[in-house]
Amino acid sequence: MSNNIVKTRKTRYIGRMNLKNICIILDRPDESRNIGAACRAMANNGISCLRIIGKKEDYDEERVRILSIHAYNLWQNAQFFNSITEATADCTVSAATTRRKGKKRKGKLFFPEEFAMHADRISDNAKVAIVFGNERTGLTDEEVDECTMAVTIPSCDDFPSLNLSHAVQIMCYHIFRAQNKERNGYTPINLERLGSTVNTIADKLSDIGFFSITGRDDMERFWKEVLSRASLSEGEAQYIEKIFTKAAGLSKRKTAGIDNSHK
């Protein structure tokens, strides 16, 4: 079995997409610099298959290079086609990016994150195409109909049009995140571990005489409620423990110094 296949409890197999099989298709883009910026957006997210509807000689390679930075090889390896149908012929799914709901689609448009989840369920051997229209006109209804589904990127009604490379970045990012679900900024500690931190805080406060006879239970409850809302990482929990431990140690030394001065 492929390493990219996940078996669920119901013995149903779900494929994880292979980023090498994600095809970004630009339909007759106007501006060479936008192609370069799109290459960079793709490379940021580990996607390398670029297909363009149009002719390579119609574009200024130097302008592409300037904006693509170190992703210029995507342009060098790009494939050129005469139509969306030709460019997506070897793909299992083709998604048109559009703001037009269209009569035939009846308003059935995926959001980027929804499409990414759908693409992630497709076998890692299948190719998935995401099609972006011309900067000025977008995709026509006829061009959208050449695709098997449509995706819309929500934006402000007062200024709904996105730059081509920005749209590519948004779609590629969601595809990348769906394929890399295990990547998190950090893993919050659980309540058992949090209890240890709260206990350290209470112990150190007790060491410096913060509690007289009662009050520790209320203080522990307070810290547990506050810190649980903060969703601490392990490193943050340790840092807080060190702060209270050091504060208690400094307090003890200061108290000992005062006591010795009276002898």
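Attention in this report is confined to the structure presented alongside it. Since we're looking at a predicted model, the values are computed, not measured.

**Re the overall build of the protein**
Right, so step 1: Summing up its helical and strand segments, the protein has 10 helices and eight strands in all.
Right, so step 2: For the protein, the residues scored as buried account for 38% of the 263 residues in total.
Right, so step 3: For the protein, the exposed surface amounts to about 15,900 Å²; the carbon and sulfur share of it is 50%.

**Looking at the layout of surface pockets**
To find leftover empty space, one rolls a probe the size of a water molecule over the atoms.
Right, so step 1: In this structure, the largest pocket spans a volume of roughly 450 Å³.
Right, so step 2: Lining the largest pocket are 21 residues, and of these Thr97, Thr98, Arg99, Gly138 and Leu162 lie nearest its centre.
Right, so step 3: Grouping the amino acids of the lining of the largest pocket by side-chain chemistry returns eight nonpolar, nine polar and four charged.

**Quick look at the pairing of strand β3 (residues 22–27)**
In summary, the side chains of a regular strand alternate between the two faces of the sheet.
Right, so step 1: The buried count for β3 comes to six of six residues, which makes it a mostly enclosed element.
Right, so step 2: What you see with β3 is no split at all: Ile22, Ile24 and Leu26 on one side and Cys23, Ile25 and Asp27 on the other are buried throughout.
Right, so step 3: Relative to strand β7 (residues 128–132), β3 runs parallel, the two being bridged by five bridges. Note that in β7 the partner of Ile25 across the bridge is Val131.
Right, so step 4: Relative to strand β4 (residues 49–53), β3 runs parallel, the two being bridged by five bridges. Bridge pairing in β4 places Ile25 opposite Arg51.
Right, so step 5: Chirality of the crossover, the property in question, places the unit of β3, helix α1 (residues 32–44) and β4 among those that are right-handed.

**Thoughts on the nonpolar core**
Right, so step 1: Counting 41 residues, the largest nonpolar core has Ile24, Leu26, Phe115, Val168 and Ile175 as the members making the most contacts within it.
Right, so step 2: Per-element tally for this core: the top contributor is helix α7 (residues 164–179), with eight residues.
Right, so step 3: Setting aside chain neighbours within four positions, we find Ile24 in contact with Met42, Ile47, Cys49, Leu50, Arg51, Ile130, Phe132, Val168 and Cys172.
Right, so step 4: Counting residues in hydrophobic clusters, the runner-up holds 16 residues, among them Ile25, Ala87, Ala96 and Cys147.

**A closer look at the pattern of salt bridges**
Right, so step 1: Scanning all chains against the criterion turns up 13 salt bridges.
Right, so step 2: A salt bridge links Arg33 to Glu31; the shortest N-O distance between them is 3.2 Å.
Right, so step 3: Of the charged contacts in the structure, one is a salt bridge between Arg216 and Asp203, with a shortest N-O distance of 2.7 Å. Residue Arg216 is found in helix α9 (residues 216–230), and its partner Asp203 is found in helix α8 (residues 191–207); the two are separated by 13 residues along the sequence.
Right, so step 4: Salt bridges linked by common partners bring Arg51, Asp90 and Lys127 together as one network.

**Points about the environment of Arg65**
Right, so step 1: If you trace the backbone, Arg65 turns up in helix α2 (residues 61–68).
Right, so step 2: A relative accessible area of 38% means that Arg65 is categorised as partly exposed.
Right, so step 3: Put simply, Arg65 and Gln76 are 11 residues apart on the chain and 9.7 Å apart in space, counted from C-alpha to C-alpha.

**Notes on the state of the cysteines**
Right, so step 1: With the rule as written, the count across this model stands at zero disulfides.
Right, so step 2: Free of any disulfide, Cys49 has its nearest neighbouring cysteine sulfur in Cys23, separated by 3.2 Å.
Right, so step 3: What makes Cys49 buried here is its relative accessible area of 15%.
Right, so step 4: No disulfide involves Cys147; its nearest neighbouring cysteine sulfur is the one of Cys91, lying 9.8 Å away.
Right, so step 5: Cys147 sits in the buried class, given a relative accessible area of 10%.

Cut-offs and rules
- Residues numbered from 1 in each chain as written.
- Predicted model: local features only at pLDDT ≥ 70, side-chain atom pairs only at ≥ 80, totals over all residues.
- Heavy atoms only, no water.
- Helix = DSSP H or I, 4+ residues; strand = E, 2+ residues; numbered from the N terminus.
- Buried < 20%, exposed > 50% of the residue type's maximum accessible area, 1.4 Å probe, protein only.
- Areas by Shrake-Rupley, 256 points an atom, 1.4 Å probe, with all protein chains shown as cover.
- 1 Å grid on protein atoms, 1.4 Å probe; cavity = no way out; pocket = protein on both sides within 12 Å on 5 of 7 lines; lining within 4 Å.
- Points joined across faces, edges and corners; volume = space filled by probe spheres on them.
- Nonpolar A, V, L, I, M, F, W, Y, C, P; charged D, E, K, R; others polar.
- Pairing = 2+ DSSP bridges.
- Right-handed = clockwise from strand over helix to strand, strands pointing away.
- Core = buried A, V, L, I, M, F, W, Y, C linked by side-chain atoms within 4.5 Å.
- Contact = heavy atoms within 4.5 Å.
- Salt bridge = Lys/Arg side-chain N within 4 Å of Asp/Glu carboxyl O.
- Disulfide = S-S within 2.5 Å.

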